[in-house]
Amino acid sequence: MSEKPKAVKKQKSNVGDLRADYKTKYGFNMPDKSVYRTKRGLNEEVIRDISKTKDEPEWMLNFRLRAYKTFKERPMPQWGANLNDINFDEIVYYLKPTDQEKRSWEDVPEEIKQTFERLGIPQAEREFLAGVKAQYDSEVAYSSLRDELEEEGVIFLSTDEALRKYPQLFEEYFGKAIPPADNKFAALNSAVWSGGSFVYIPKGVEVKRPLQAYFRINAARMGQFERTLIIAEEGSFAHYVEGCTAPVYSSDSLHAAVVEVFVKPGARFRYTTIQNWSNDVYNLVTKRARVEKDGVMEWIDGNLGSKITMKYPSCYLVGENAHGEVLSIAYAGQGMHQDAGAKMIHLAPNTSSTIISKSISAYGGRTSYRGLVNVSPLAENSKSRVECDALILDADSASDTFPVMKISNSSAQIEHEATVSKIGEEKLFYLMSRGLTEPEAMSLIVSGFIEPIVKELPMEYSLELNRLIELEMEGSVG
Amino acid sequence: MISKIVHPEENTKFQVTENTQFIALFNDYPDGKECKIELEFNTEGISAEIICLYRLPERKSLHLTTVAKHIVPHTSCNTVVRGVLESKTDSYYIGKILIKKQAQQTSSYLSDRVLVLGDGVKNNSEPILEIEADDVSASHGASTGRINPDEIYYLQSRGLNEKESSDLIVEGFFNKVLETIADPEVRELAANAVKS
C-alpha cells in the first residue's frame, strides 16, 4: 500500500509536460497577410459583407441571415463542457488570405508553403494523393485534383467554388442534413461559413486513393467556420481525409465546422479527421451523415489538442441494412477537455452500428465519452455495439462516460461496454524488465492502446498520428 | 457479507459501513414509481453489491437509478441489474459510478442486462462513469436483446415446448445472479419475486 502512491509519483515526474515541445515543433505563426478581413464581432452587416465579397446568390444570403437569427435566439448549451468563456464579439468571422485560389504549387505564396512544409507534407507524397486541398485560414489556398478523377466526374472543390460552379446540386443538399436550427453552433456556421470541401462522387465510381484536405487557422482570434458537403452517389466509394494542426497563439479561437454527408444506396464513405488544435481553440463541430439502403458510413475521428472539443459525429441510418461506424481517439492534456463521442440513429430495419472510442487523459486533462444509440420502433432487427476504453495517466486527470441507449424496438440487440483504468504496473514492470525505460514502456503501451484505430488510417496519417502521440509522450523522457 | 432487502424510494441513500449486498426487488412496486438507490463509500476497505432484479409485467414501467459513490480509498462495488421485459413495457435505468479524487484503489463495476420477451418494448439505459482518480479500475457493460433463437431450438429438440424453453432460459438468466446472494432466505425471497 505504501509503495503504490510512490510509484504513481515517480511515473508522474518522468512524464513531464507532454506538450512542452509543442511550441517548437508545431507552434509557429506566419505573419498575417490577409487581403480582406471583417471587423471583430458579428452582426447583419458582417454577414452581408461576407456574402457580397464571395459574390453569392441571393438565396445564400437569405439562408445566412435566417441562420444568424436562429443563432441569436438559441441559448448556449448548458450541458457538457463549459463554453461560457467564449466571447462572440471578439472573433473575426471572415478573412481571405490570398486573392484567389492557386492551381499549381509554384503559385502558392512562400509563407503558406513554409507552413505546409513545417506541417510535413512532403512534395513526393503528393504524387500518392488523389488531390490535395489545403485550407489556409478561411479560403482554399492551394488545390489540385488529379485528371483521372476529373474524368470520372468526381468533384472535389472548396465549398465556395462549388456554390459558383454547381449551384443546383449545391442547393439540393446544402443544409439538408444539418439545418441551421439544429444547434447554436450549426446556426453560427450557417450564418458565417466559409471554405471547407465539396465532394461529389458519381454513381458507381470508386476513388481508390484518399481525398485530402489540410485545415489550418493562422490569425489570432480568427474563427474558422468551414462547411463541408459530401455526396456519395449510389454504389460509389471514397475516403476523405482532413488533418488540422493549428499554430499556437494566445487568445481563444473558435472553430465551429459543419460537415454533411449523404451516402446513397449501396455507397460507402469514410471520413477521417486528425485534429491537433493548439490548446486555446474551442472546437465545436457538428458532423452528420444520412445513410440510405445498404450504405456504409465510417467516421474516424482523432482529437488531440484544443481547449474544449465537443464533437459527436452521427449517422442517421434511414435505409434498410445501412451501417454506421465511428472510431474515435481523444487525448486530453493540461487544461483540455475532450468531450467527444458518437450518435447512431437507427430508423430502418436491419441497420447496424459500431462505436469504438479510446481516450487518454493526462496532466489534469479530462476526457468524456458522450454517446447516443437510438433505435426507433421501425428499426426491426437492428444491432449496435459500443466500446469505450479510457486510460488515465496521472492522479490529476479525469475521465467520464455518458452513454445513452434509447431502444424502442423489441428485436434490437444492443451492447455497450466501457472501462476506465490506468497503465497496468505489471505491464510497465514487464517491459522495463526487457530493457525499456519507464517512459518508453508507457509510450509503447499507449501506442498499443490506440492501435485498433491507428491501423485504420491511411499510411501517411497513421505516421502523422504516431508522430503526434510520440511528441505528446516525448516530454516524458525529459 | 450480509444480504439486505431494500425498498428503494425516490431517494434512498445508504452509507456503507460493512460488507453488504443490497438487494432490490420490484414485484410489488406501483407502476412508474421513481426509485433511486445510492451507496456512499465513506469507510476504507469496504465492499458492497447492488443487486436489482425485476420482471416487468405487460404495460408496466420502471424508473430506476443506482449510484455507487466512492469517496475514500480502497472500496469496491459491484452493481448488477437483471431485467425481463414483457410486451409494451417501458424501462428507464440510469446506473452511475462516481469515483472521487481521494478514492484511489477503488474497483467498481456495473452490469445491466435486459432480456426482451414481448413486443412494443421501450428500453432506455444510461450507464455513467465519472472518474477523477487514476489508480482505479472501473467498467460497465449494458446489453439488451431477445432470447437467442438457437437456445430455444436446442431446448425444443430436447422435448420442451416453446413456452417451457423460454421459461427455463429466463430462470437461468436470473439464477446466475441469485446464486451470488449469500443469505439463503433472501435468495428464496428474490427467486420468488422474479418467477413468472
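Being a predicted model, the structure only gives us computed values, none of them experimental.

What counts, and where the lines are drawn
- Each residue is numbered by its place in its chain's sequence as written, counting from 1.
- All chains are assigned letters beginning at A, and all ligands numbers beginning at 1, according to the order in which they are written.
- Where local features are concerned, this predicted model is filtered to residues with pLDDT of at least 70; where side-chain atom pairs are given and counted, the filter is 80 or more; whole-chain, interface and lining totals use all residues.
- For side-chain calculations, the full set of non-hydrogen atoms in the structure is used, while hydrogens and water are omitted.
- Salt bridge, as used here, is a side-chain nitrogen of Lys or Arg placed within 4 Å of a carboxyl oxygen of Asp or Glu.
- A run of H or I in DSSP counts as a helix once it spans at least four residues, and a run of E counts as a strand once it spans at least two, with each numbered from the N terminus.
- Three exposure classes are used, based on accessible area relative to the maximum for each residue type with a 1.4 Å probe and protein chains only: buried under 20%, partly exposed in between, and exposed over 50%.
- Only centres within 6.5 Å qualify two rings of Phe, Tyr or Trp (six-membered ring in Trp) as a pair; their planes then separate them into stacked at under 30 degrees, edge-to-face at over 60, and tilted for everything else.
- Placement of a positive charge over a ring is assigned whenever Lys NZ or Arg CZ falls within 6 Å of the ring centre and within 35 degrees of the normal to the ring plane.
- A cavity, in this analysis, means grid points on a 1 Å lattice covering only the protein atoms where a 1.4 Å probe fits yet has no way out; a pocket is instead an open set bounded by protein on both sides within 12 Å along at least five of seven lines, and a residue lines either one if it has an atom within 4 Å of a point.
- Grid points are joined across faces, edges and corners, and a volume is the space filled by probe spheres set on the points.
- Asp, Glu, Lys and Arg are counted as charged, while Ala, Val, Leu, Ile, Met, Phe, Trp, Tyr, Cys and Pro are counted as nonpolar; the rest, among them Gly, fall into the polar class.
- Residues adjacent in sequence count toward polar contacts only when both atoms are side-chain atoms; beyond that, a polar contact is any pair of N or O atoms within 3.5 Å, and within protein one must be able to donate a hydrogen and the other to accept it.
- Any two residues whose heavy atoms approach within 4.5 Å are treated as being in contact.

On to the pattern of salt bridges, then. Residue and element names in this part refer to chain A. Considering all chains together, one arrives at 26 salt bridges over all chains under this definition. Linking Arg227 and Glu260 is a salt bridge whose minimum nitrogen-to-oxygen distance equals 3.1 Å. One end of the pair, Arg227, is in strand β8 (residues 227-232); the other, Glu260, is in strand β11 (residues 258-263), and 33 residues separate them in sequence. The residues Arg227 and Glu260 share a single accessibility class, namely buried. Put simply, Arg270 and Glu456 hold a salt bridge, and the shortest N to O gap is 2.9 Å. In this pair, Arg270 sits in strand β12 (residues 268-277) while Glu456 sits in the loop between α12 (438-454) and α13 (459-474), placing the two residues 186 residues apart along the sequence. Taken together, the shared-partner salt bridges connect Glu242, Lys287, Asp301 and Lys311 into one network.

Moving on, we get to the packing of aromatic side chains. All names here are of chain A. Enumeration according to the criterion identifies 19 aromatic pairs over all chains in this entry. Pairwise contacts between aromatic rings join Trp59, Phe63, Phe170, Phe174, Trp193 and Phe198 into one cluster. Taking NZ or CZ as reference, Arg227 lies 4.4 Å from the ring centre of Phe174, over its face. A cation over an aromatic ring shows up here: Lys358 above the ring of Phe449, its NZ or CZ 5.1 Å from the ring centre.

Turning our eyes to something else, we now look at the layout of surface pockets. Approximately 570 Å³ is the volume attributed to the largest pocket. Lining the largest pocket are 26 residues, and of these Trp79, Asn183, Met310, Tyr312 and Lys343 of chain A lie nearest its centre. Elements with a contribution of two residues or more to the lining of the largest pocket: α10 (184-192), β13 (281-291), β15 (308-311), β18 (337-346), β20 (366-375) and β22 (398-407) of chain A. For the lining of the largest pocket, a count of residues per class yields 14 nonpolar, 4 polar and 8 charged. The space that makes up the second largest pocket amounts to roughly 490 Å³. In this structure, the second largest pocket is lined by 23 residues; those nearest its centre are Leu115, Gly145, Arg146, Ile147 and Asn148 of chain B. Taken together, the elements giving at least two residues each to the lining of the second largest pocket come down to β23 (413-421) of chain A together with β9 (107-116), β11 (137-146), α1 (149-157) and α2 (162-178) of chain B. Of the residues contributing to the lining of the second largest pocket, the split by class is 8 nonpolar, 9 polar and 6 charged.

Looking at the secondary structure, you find Asn123 of chain B in strand β10 (residues 122-131). Within the local environment of Asn123 of chain B, its side chain forms a polar contact with the side chain of Ser91 of chain B, the two groups lying 3.5 Å apart. In this structure Asn123 of chain B touches Met405, Lys406 and Ile407 of chain A together with Leu85, Ser91, Val114 and Thr144 of chain B, once residues within four positions along its chain are discounted.

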